[in-house]
Amino acid sequence: MELDVPDQPEFAIYLSLPTGPLDHHTGFVGASEALAHPHYRLIGTIDENGLADLTMTNLTSGQSETLNQYLFPSHGKAPKCGPLKLDLRTWDLDSASLKEMLNIDLGARNITEVRKLIKDNSGVALYRDGFRVQPFGEVDFDWLGFDLRRVNNPTMRFSNNQVAGFVYISADGNPGLRDRSHREGLIDSPEYEDLKGVLTQAVSRLETWRYGLRRPKGESPESGPITVDTPSGAGSDRHGLFQNFSLSPVRDVVNAKYPDDTELSRALEEAQETIDESVEKVQEVLSQFSRLATLGVLVDVVLHDGRTALTRIAYVLRRLNKLAGRKRDEDEQLASALTKMHVDLTAQEQALDRLFTRVEPQSGRRRGRPRALSLQAAIDEAVAVHEGTLEKHGITVTVSGEDVTVTADPGDISQVVHNLVGNSIYWLSTLPEGKERTILIETRRTPEDEVDIDVSDSGPGVREEIQEMIFDTYFSDKEDGIGLGLSIAGSVVKDFYDGDLSLVTPGPLAGATFRARLRRRVG
């Protein structure tokens, strides 16, 4: 597939250099050869209604897949940015993938230079009627937030220095995308946000497809994350536990004693790259689990400080109520106003207290002792955390079935339901306006004396091509997803209740249905 961009002006630069050390540079100035040899390419159009007609290609294997679907960045609303054309190229930066590019005449002598060549040409440029809009396309201008997305999920996401490409718009077709007064960048507007949103969603589809291609066949969710791309040079600024994983002392000796031995130097460089990549993979995994631990600590701090503040608020409210009582005989109007204020503030204080109670199971404290509880009551508490979001997106939730009594930690049930309902809310919010948005949670005891919790929704469902991958740690089909929700829910069900979490097809509603089956402590 090629893009037809007729409004792009014919333009070329020819260098004519005098005889001498630079005369070999005489000729036309062209784009980097590396840009012509990406590992993956995403090319096509997105119309004014958000309908994408894109082709994803793996240039290494020749595999390709078409993408024809609506991309809605504003919760079911068609994007306001207008139609656009795009041509994005991406690379895997691990040594094994880059070795193949050494066979191409890129002017690079080793993997380090290939990687640098790619990074130096990275950036997504924006063209309006054939003219580039500054500073889009500059190496350090990460206007689509690739690096931030990668921090949240390094296993799946591209970094900014892995992506180069072009986005084409026009003044007539995209009137809402306007330049700033100093002609650097676009004005922050709903149209600009939607432009970034549809492009991020398109790239997310490419990332998901790439994950499937790179995922080892037959990998189970328990086998851990797949190989990830890692930046080079980590050994130079590494510290702490990993500071000694460096070949610098050896390299110094080699450079001093064998300065002309290019084969030895190259071998050392590639060995250091392999070590750097392996260490960074370990660091990425550690950072993910550290983030989870930090989240638990953060919830503890919020609960402690929040409850302290609530205690103070309750004290002030009691004084306020007493003051209102004393002033009633002197000034009825003031007393009535104070009483109303006391009632309103007390309601808010109680709402905060309920919120803290619901959030408490997510804290980093030790799990509570399992106790007999109503499963549906625990589910209602977990759903209540999402009350505001459900109302915002017009989503109705129904809890039905047999109200089973189980012996469980309420926090475990909350964790499972919280993640499953959160997923449903996200995908329901992507539906076009006017579509039914429903979540159905059913509980039952099976003939085998097991307990099922089914969470179904009327969303778009789980695409067939990714159904094998959704339980992989760090896999996510959301453009900004971390890929831990289903993994965490599945771990709780398996580790504490000898159960399993599965995707059920077909379900009672048109979208996705997940079943958490509990086998232990269900009497």
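Since this is a predicted model, take the numbers as computed values, not measurements. Here the residue numbering is sequential within each chain, running from 1 through the sequence in written order. Selection of residues for local features in this predicted model requires a pLDDT of at least 70, selection of side-chain atom pairs for listing and counting requires 80 or more, and totals for whole chains, interfaces and linings are taken over all residues. Each side-chain value is worked out from all heavy atoms of the structure, with water and hydrogens disregarded.

Chemist: In this structure, what is going on with the sheet that holds strand β13 (residues 438-445)? I would like to understand it.
Modeler: The strands making up a sheet associate through backbone hydrogen bonding, with each pair oriented either parallel or antiparallel. For two strands to count as paired, DSSP must find a minimum of two bridges between them. The helix count covers DSSP runs of H or I at least four residues long, the strand count covers runs of E at least two residues long, and both are numbered beginning at the N terminus. Here five strands make up an open sheet; going across it, the order is β11-β13-β14-β16-β15 and the pairing mixed. Each edge of the open sheet carries a strand with a single partner, namely β11 (396-401) and β15 (500-503). Neighbour-to-neighbour, the strand axes of this sheet turn through a mean angle of 15°, independent of strand direction. As paired strands, strand β14 (residues 451-457) and strand β16 (residues 513-518) are joined by six bridges and run antiparallel to one another. Counted as the bridge partner of V451 is L518 from β16. Note on method: axes are straight lines fitted to C-alpha atoms, helices fitted across the in-contact stretch only, with angles between N-to-C directions ranging 0 to 180 degrees.

Chemist: Would you mind showing me how to read the environment of V383 here?
Modeler: Inspection of the secondary structure assignment puts V383 in helix α8 (residues 375-384). Separated by 39 residues in sequence, V383 and G422 have C-alpha atoms that sit 9.1 Å apart.

Chemist: Looking at this structure, I do not really get the pairing of strand β7 (residues 123-128). What am I missing?
Modeler: Look at any regular strand and the pattern is simple: side chains alternate between the two faces of the sheet. A large share of β7 lies buried, amounting to six of its six residues. Here the term buried applies to any residue with accessible area under 20% of the maximum for its type, exposed to any over 50%, and partly exposed to those in between, with areas from a 1.4 Å probe on protein chains only. Residues G123, A125 and Y127 of β7 are buried on one face, and the alternating residues V124, L126 and R128, pointing to the opposite face, are buried as well. Here β7 pairs with strand β9 (residues 163-169) via six bridges, running parallel. Of the residues in β9, the one forming a bridge with Y127 is Y168. Taking the residues between adjacent antiparallel strands as the criterion, β7 and strand β8 (residues 131-133) are bridged by two residues, where D129 takes a positive phi near 50°.

Chemist: Explain the sheet that holds strand β5 (residues 64-70) to me, please; I cannot follow it from the model alone.
Modeler: If you walk across this open sheet you meet the seven strands as β5-β4-β3-β6-β9-β7-β8, and the pairing is mixed. Two strands in the sheet have a free side with no partner beyond their single neighbour: β5 and β8. Averaged over all neighbouring strand pairs, the angle between strand axes comes to 20°, with direction disregarded. Across six bridges, strand β6 (residues 84-90) lies against β9 in antiparallel orientation. Residue pairing for β9: T90 is matched across the bridge by V163. Against the sheet, helix α4 (residues 190-214) makes contact with β3 (40-46), β4 (51-58), β5, β6 and β9, and its axis sits at roughly 145° relative to β3, the strand it touches most. Pairs of residues are marked as contacts when any of their non-hydrogen atoms sit within 4.5 Å.

Chemist: Teacher, can you tell me more about helix α10 (residues 410-429) here?
Modeler: Because each turn of an α-helix spans 3.6 residues, side chains separated by three or four positions end up pointing in the same direction. Each residue after the first adds 1.5 Å to the expected span of a helix. For α10, which comprises 20 residues, the first-to-last C-alpha distance of 28 Å matches the rise-based estimate of 28 Å (1.5 Å per residue) to within 8%. Burial analysis of α10 places 14 of its 20 residues in the buried class, which makes it a mostly covered element. Two N or O atoms form a polar contact when they lie within 3.5 Å of each other; inside protein one atom must be a possible hydrogen donor and the other a possible acceptor, and for residues adjacent in sequence the pair counts only when both atoms belong to side chains. One side-chain oxygen of the residue at the start of α10 lies 2.9 Å from the amide nitrogen of G411, identifying that residue as D409.

Chemist: I'm lost on the packing of α10 against helix α11 (residues 485-497) in this one. Help?
Modeler: Each pair of packed helices can be summarised by the angle the axes make with each other and by the distance between the axes. It is the contact of α10 with α11, at a shortest axis distance of 9 Å, that shows an interaxial angle of 150°. Between α10 and α11, the interaxial angle falls into the category roughly antiparallel. Between α10 and α11 lies a crossing of left-handed hand. Where α10 approaches α11, its residues D412, Q415, V416, N419, L420 and N423 are matched on the opposing element by G485, L486, I488, A489, V492, V493, F496 and Y497. Under this scheme an angle from 65 to 115 degrees is roughly perpendicular, one under 35 degrees roughly parallel, and one over 145 degrees roughly antiparallel; angles in between are oblique. For any helix crossing, the convention is left-handed if the near helix is rotated counterclockwise from the far helix by under a right angle, and right-handed if that rotation is clockwise.

Chemist: Looking at this model, I keep getting lost on the pattern of salt bridges. Mind explaining?
Modeler: Pairs may arise between side chains of opposite charge once their charged atoms sit close together. Put simply, a salt bridge is a Lys or Arg side-chain nitrogen that is within 4 Å of an Asp or Glu carboxyl oxygen. Here the structure, examined in full by the defined rule, presents 26 salt bridges. When the shortest N-O distance is used, the salt bridge between R128 and D179 registers 3.2 Å. A residue pair is termed long-range when its members are at least 10 positions apart, and R128 in strand β7 and D179 in the loop between β9 and α4 qualify at 51 residues. For the residue pair R128 and D179, the accessibility class agrees, reading buried in each case. Measuring nitrogen to oxygen at the nearest pair gives 2.8 Å for the salt bridge that ties D500 to R519. Of this pair, D500 sits in strand β15 while R519 sits in the segment after β16, and the two are 19 residues apart along the sequence. Overall, the relative accessible area of 33% leaves R519 in the partly exposed class.

Chemist: Teacher, can you tell me more about α4 here?
Modeler: For α4, spanning 25 residues, the distance from its first C-alpha to its last is 36 Å, which sits close to the expected 36 Å at 1.5 Å a residue. For α4, the buried fraction is high: 19 of the 25 residues fall into the buried class.

Chemist: Sorry if this is basic, but what is going on with the nonpolar core here?
Modeler: Residues enter a nonpolar core if they are buried and are Ala, Val, Leu, Ile, Met, Phe, Trp, Tyr or Cys, with the set joined through side-chain atoms within 4.5 Å. Core analysis: the biggest nonpolar cluster contains 42 residues, and I439 and I441 have the highest contact counts within it. Those elements that place two or more of their residues in this core are α8, β12 (405-408), α10, β13, β14, α11 and β16. Among the elements that make up this core, the one with the highest residue count is α10 (seven residues). Among all residues touching I441, those that are not within four sequence positions of it are I379, V383, V397, T398, V399, S400, V417, V421, I453, D454 and V455. Grouped together as the second largest cluster of nonpolar side chains are 33 residues, L71, L186, L195 and V203 included.

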